[in-house]
Amino acid sequence: MWAAIQVPEESIRPLNPRQQAIPQPGRHRRPMTAPKTQKDKASRRRRVLLSVLTVVVILGILATAGYFIKHLIDSKYFFCSRSVRFISLDLACDGTEDCSGGEDELTCVSTFAVNTTFPVRLTSVRQVLQVYSPGSGWRSVCNDDWTQQHTQTACKQLGYTHNPRSTGVPVDLLIPLLKPGPFTAVRPGSTATPTHQATLDRGACRSRSVVSLSCSDCGQTGSQDRIVGGTDAFIEDWPWQVSLQQGGQHVCGGSLVSPRWVATAAHCFTGSKKELTRWKVVSGRTYMGTLGGSSVDRIILNGDYDPSTNDYDIALMRLSSPISVGDSSRPVCLPPKALGLSAGTTMTVTGWGYLEENGKVSPSLQKASIPLIDKDKCSSPTVYGKVITSRMICAGFLGGKIDACQGDSGGPLVHFSTSKWRLVGVVSWGVGCARARRPGVYCNVEEMLNWIYTAIEKNS
Ligand code: ARG
């Protein structure tokens, strides 16, 4: 880079003496004056151009150096701006105030535990609306007197307002769990009140049908599986997949569950990873890049998360501003309660994680189709034994060979049914990767719905 500047600077110097040389008498004498001033101007212009170029290059070099130095410092230290000093990154968000004024404890992950029941949910593959009250428990909502305004209100409670729709599902077509009731119906004219407060118990539905809700255009993709039998994936087919990065490094995967919320694993936020401003959420990329990315203004870990057992391994990240939904970035659906997936059902796991145990992260998004493993099978002594809780599901092959791996954590395990993709699991743990009898273990999203809905509602 330096040579490029020095050569022209030297080559310009001999030009000046030549211009000052005494004009030779001859037939070129008259026209000489005009070219001389032109040459003068040209050389001056060249000199100005070169100085500008030199300044630009030097500034560029300084900026690059500054960038790398900042990066290096940022990866190890937290800067207390008020007391103007650096503290070790491990001291930020450790629960004690190390900067004066406690700036190091201001923008940190938080934990949230629920001991209440979120009063609205969707149940079974038909997404039947149910409401909860402490006295009567869960009741399916009859389609009687149900209006579009009720749909709007119920969807808002569930955290979605994009294109809400409702249909009636005949009670006769419900799964055995739901068919006998109990039922409830809205009081006419109660549209604006929260749905669970607007209902009265019913022995049966007058309309003989219940409300089925679709609150968002979640889980839709452009095209499916453009590479048959391959493992390379395109973000347009898995547009909820995001890369969670710190200091430009991919740390974990995650899934957009709405334009502003990302579901991921709680174990992604251990040690020095608790400080919010260091995180970037990169969406819409097949090839993992570091450019762009959304900043994060809240990270909520499940309060019951236990790092020693990986139980309740789920967290939510709130983006500082919602992503703009398009073909390469859009949310996945949360599963309804009692989706009823049976062992052997094919699911897809995606991510940029290691391509082999002790390997490296993949530059391009990968996908793998894996079957759901029976709970008893996964808890058998030859597989994982007693460590599998009801907050976990196992997926993969007992013969090994195909699995998620390091770096896929927090990413999606999805299932396609009734024309939408649903987030069934969150990549959590495994012993090694793709080993025989050591399948991947995922956080069971269906068991976390109450926590997810409550956390999102309390932070919206
Ligand atoms: N805990 C790992 C991570 O942080 C992911 C583990 C998934 N392992 C597996 N064998 N499925 O990225």
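Just above, that's the structure.
All of the points below concern the structure found in this document. (Residues numbered from 1 in each chain as written. Predicted model: local features only at pLDDT ≥ 70, side-chain atom pairs only at ≥ 80, totals over all residues. Heavy atoms only, no water.)

Points about the nonpolar core
Counting 64 residues, the largest nonpolar core has Leu129, Leu158, Leu213, Phe269, Ile299, Met317 and Ile452 as the members making the most contacts within it. Counting residues per element, this core draws most heavily on helix 6 (residues 445-458), which supplies 8 residues. For Ile299, the residues in contact, after removing those within four places along its chain, are Val109, Ser110, Phe269, Leu276, Trp279, Leu316 and Met317. (Core = buried A, V, L, I, M, F, W, Y, C linked by side-chain atoms within 4.5 Å. Buried < 20%, exposed > 50% of the residue type's maximum accessible area, 1.4 Å probe, protein only. Helix = DSSP H or I, 4+ residues; strand = E, 2+ residues; numbered from the N terminus. Contact = heavy atoms within 4.5 Å.)

With respect to the site of the ligand
Lining the immediate environment of the ligand, one finds 15 residues, of which His267, Asp403, Gly407, Ser409 and Gly432 sit closest. A distance of 3.2 Å separates a nitrogen atom of the ligand from a polar atom in the backbone of Ser428. Burial of the ligand by the surrounding chains reaches 90%, relative to a free accessible area of 340 Å². When grouped by side-chain class, the residues that make up the shell around the ligand number 5 nonpolar, 8 polar and 2 charged. (Near = heavy atom within 4 Å. Polar contact = N/O pair within 3.5 Å; in protein donor to acceptor, adjacent residues only side chain to side chain. Areas by Shrake-Rupley, 256 points an atom, 1.4 Å probe, with all protein chains shown as cover. Nonpolar A, V, L, I, M, F, W, Y, C, P; charged D, E, K, R; others polar.)

Points about the sheet that holds strand 22 (residues 440-444)
Strand order in the closed barrel made by the 6 strands is 17-18-19-22-21-20, with antiparallel pairing throughout. Averaged over all neighbouring strand pairs, the angle between strand axes comes to 45°, with direction disregarded. In the sheet, strand 17 (residues 346-351) pairs with strand 20 (residues 412-417) via 2 bridges, with the strands oriented antiparallel. Of the residues in strand 20, the one forming a bridge with Thr348 is Val414. Lying on the sheet, helix 6 is in contact with strand 21 (420-429) and strand 22; it crosses strand 22 at an angle near 35°. (Pairing = 2+ DSSP bridges. Axes fitted to C-alpha atoms, helices over the stretch in contact; angles between N-to-C directions.)

Overview of helix 4 (residues 148-157)
Those residues of helix 4 that fall on the buried side of the exposure criterion are His150, Thr151, Thr153, Ala154, Cys155 and Gln157. Phi turns positive one or two residues past the end of helix 4, at Gly159, with a value near 90°.

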